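Structural characterization, general
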Amino acid sequence: MKSIAGIGIFLVLGLLVAYVVGFQPIFGEKLPYDDEQTGLKERIVIKFSHVVAENTPKGLAAARFAALVKEKSQDRIEIQVFPNGMLYSENTEVAALQRGDIQMIAPSFSNMNAIDPAWFVMDLPFAFRDQQNVNEALQGTLGKRLFETLKPYGMKGVAYWSNGFRQMTNDVRPLRTPEDFRGLKFRIQPSQVLERQFNLLGASTISTPFNEVYRNLEAGVVDGQENTISNILSKRLYQFQRYMTISNHGYLGYVVVFNEKFWNGLPADVQLIIEQALRETTVWNNQAALTQENGLRSLRERAGLDIITLTEEDKAQWMERLSPIYKEFADTIGAGLIEEIRRP
């Protein structure tokens, strides 16, 4: 009898458990679904990895884009932003995107020349007069042709974002003429064009990921570096530099890229929402990149940098010294692309 009673209790407990977890072979009636949980199952999650700080033009644009997508999709699409190289560095993010570990990245133009040498065009010195000139080039034939270089690698370019123009910093002496560079060592992004730029100025270079620049300067591995005002400020690179030259000699921008297979698998209405949010974010980003005065003021007041601005005569000397780069890289880049930009 005890064994029969035990079996009966076991069966009753089993039926109760089946009811709680939603199995209904006996009761024949479904438990009500939680609408909120159902919605979570349908949510589209997009991981967006980048390597700069949240308070830079790219960092702010990424956050704004995520907020716009959430609003426009009524929380159906979630853009998870991972800044500061939290997930991947400049050296690993492209491979991670191709594997599908993340769905979005926004690498700098200089990092894309490993994909296709056409991207060297964006590193040419004094290639653009101002941000408007950059916008016109990237919204036209140049931008379309650069996007096309990504397709064979399973990537889809969807936008270009700006960080502004590069400036020079170092800890040895003011840089006003080409001769002032002689004997100095600079950190650069991975680009043969940038390496050649400093060679022509009489300087040597090393190439390291962005998140290592602070340590490079702190340890004295290099004398200086080139970067935008926002990056110099947000990464506190000024702490180990005494001199800064407002040269606007090079442009630093980003290409926003999706894993193409993932993008093609998105519903058409989701793609439309993302494209709308990207357009709005890009307009906002380009405007924000124009406003560097606050950052420059902070560098003057907080950093104690000795800051000089090149005159037109100074720029002419730099441009003349660096002009051979255009001829040297014409075949590598493609003459047609070089014609799309403003030559020095």
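Computed from a predicted structure; not experimentally measured. (Residues numbered from 1 in each chain as written. Predicted model: local features only at pLDDT ≥ 70, side-chain atom pairs only at ≥ 80, totals over all residues. Heavy atoms only, no water.)

With respect to the overall build of the protein chain
Across its full length, the protein chain holds 16 helices and nine strands. Within the protein chain, buried positions represent 49% of all 344 residues. (Helix = DSSP H or I, 4+ residues; strand = E, 2+ residues; numbered from the N terminus. Buried < 20%, exposed > 50% of the residue type's maximum accessible area, 1.4 Å probe, protein only.)

Some words on the layout of surface pockets
There is about 580 Å³ of room inside the largest pocket. In terms of lining residues, the largest pocket is bounded by 25 residues, among which Gln139, Val158, Ala159, Tyr160 and Thr282 are the most central. Among the secondary structure elements, those contributing two or more residues to the lining of the largest pocket are α5 (131–138), α6 (141–148), β4 (155–170) and α11 (268–290). Top element by residues in the lining of the largest pocket is α11. It accounts for eight residues. (1 Å grid on protein atoms, 1.4 Å probe; cavity = no way out; pocket = protein on both sides within 12 Å on 5 of 7 lines; lining within 4 Å. Points joined across faces, edges and corners; volume = space filled by probe spheres on them.)

Here's the deal with the pairing of strand β6 (residues 204–207)
As a general feature of sheets, a regular strand has side chains that alternate between the two faces. Inspection of the sheet shows strand β5 (residues 185–188) paired to β6 by four bridges, in the parallel sense. Looking at the pairing, Ile188 lines up with Ser207 of β6. The parallel pair β5 and β6, bridged by helix α7 (residues 192–200), forms a crossover whose chirality is right-handed. (Pairing = 2+ DSSP bridges. Right-handed = clockwise from strand over helix to strand, strands pointing away.)

Let's talk about empty space enclosed by the protein
Across all of its chains, the model carries two cavities of 30 Å³ or more by this definition. For the largest cavity, the calculated volume is near 140 Å³. Lining the largest cavity we find 19 residues, and of these Glu90, Ser108, Gln189, Phe210 and Leu252 sit closest to its centre. Split by residue class, the lining of the largest cavity holds eight nonpolar, five polar and six charged. In this model, the second largest cavity occupies a volume close to 30 Å³. Every residue lining the second largest cavity is listed: Leu124, Phe126, Ala127, Phe128, Phe165, Asn248, His249, Gly250 and Tyr251. Counting residues per element, the lining of the second largest cavity draws most heavily on strand β8 (residues 243–259), which supplies four residues. Grouping the constituent residues of the lining of the second largest cavity by class yields six nonpolar, three polar and no charged. (Nonpolar A, V, L, I, M, F, W, Y, C, P; charged D, E, K, R; others polar.)

Details of the nonpolar core
Counting 53 residues, the largest nonpolar core has Val121, Met122, Leu124, Phe128, Leu142, Leu146 and Phe181 as the members making the most contacts within it. The residues contacting Leu142, other than those within four sequence positions of it, are Val121, Met122, Ala137, Leu337, Glu340 and Ile341. Counting 44 residues, the second largest nonpolar core, distinct from the first, contains Leu68, Ile79, Ile232 and Ile246. (Core = buried A, V, L, I, M, F, W, Y, C linked by side-chain atoms within 4.5 Å. Contact = heavy atoms within 4.5 Å.)

Some thoughts on α7
Considered for burial, the residues of α7 that qualify are Val193, Leu194, Gln197, Phe198 and Leu200. All buried residues of α7 project into a common sector of 160 degrees when viewed along the axis, lining one side. Its side-chain oxygen 3.3 Å from the backbone nitrogen of Val193, Ser191 forms the N-cap of α7. Gly202 lies just past α7 and shows a positive phi near 85 degrees. (Arc of directions from axis to C-beta. Polar contact = N/O pair within 3.5 Å; in protein donor to acceptor, adjacent residues only side chain to side chain.)

Let's talk about the packing of aromatic side chains
Taken as a whole and assessed by the stated rule, the structure comprises 18 aromatic pairs. Taken together, a centroid distance of 6.5 Å and an interplanar angle of 70 degrees make the contact between Phe65 and Trp161 edge-to-face. Highlighted residues: Phe65 in helix α3 (residues 57–72) and Trp161 in strand β4, separated in sequence by 96 residues. Residue classification places Trp161 among the buried residues on the basis of a relative accessible area of 1%. Linked through ring pairs, Phe109, Trp119, Phe128, Phe147, Tyr160, Phe165 and Tyr251 together constitute an aromatic cluster. (Phe/Tyr/Trp six-rings, centres within 6.5 Å; stacked < 30°, edge-to-face > 60°.)

What about unusual backbone geometry?
It is generally the case that most residues other than glycine have a negative phi and that most peptide bonds are trans. Of note, Gln74 is a non-glycine position whose phi angle comes to about 55 degrees, a positive value. Structurally, Gln74 is set in the loop between α3 and β2 (77–82). With a relative accessible area of 73%, Gln74 lands in the exposed category. The backbone phi angle of Asn84 is positive, close to 60 degrees, even though this residue is not glycine. Summarising the element assignment, Asn84 is placed in the loop between β2 and α4 (93–99). You can call Asn84 partly exposed: its relative accessible area is 31%.

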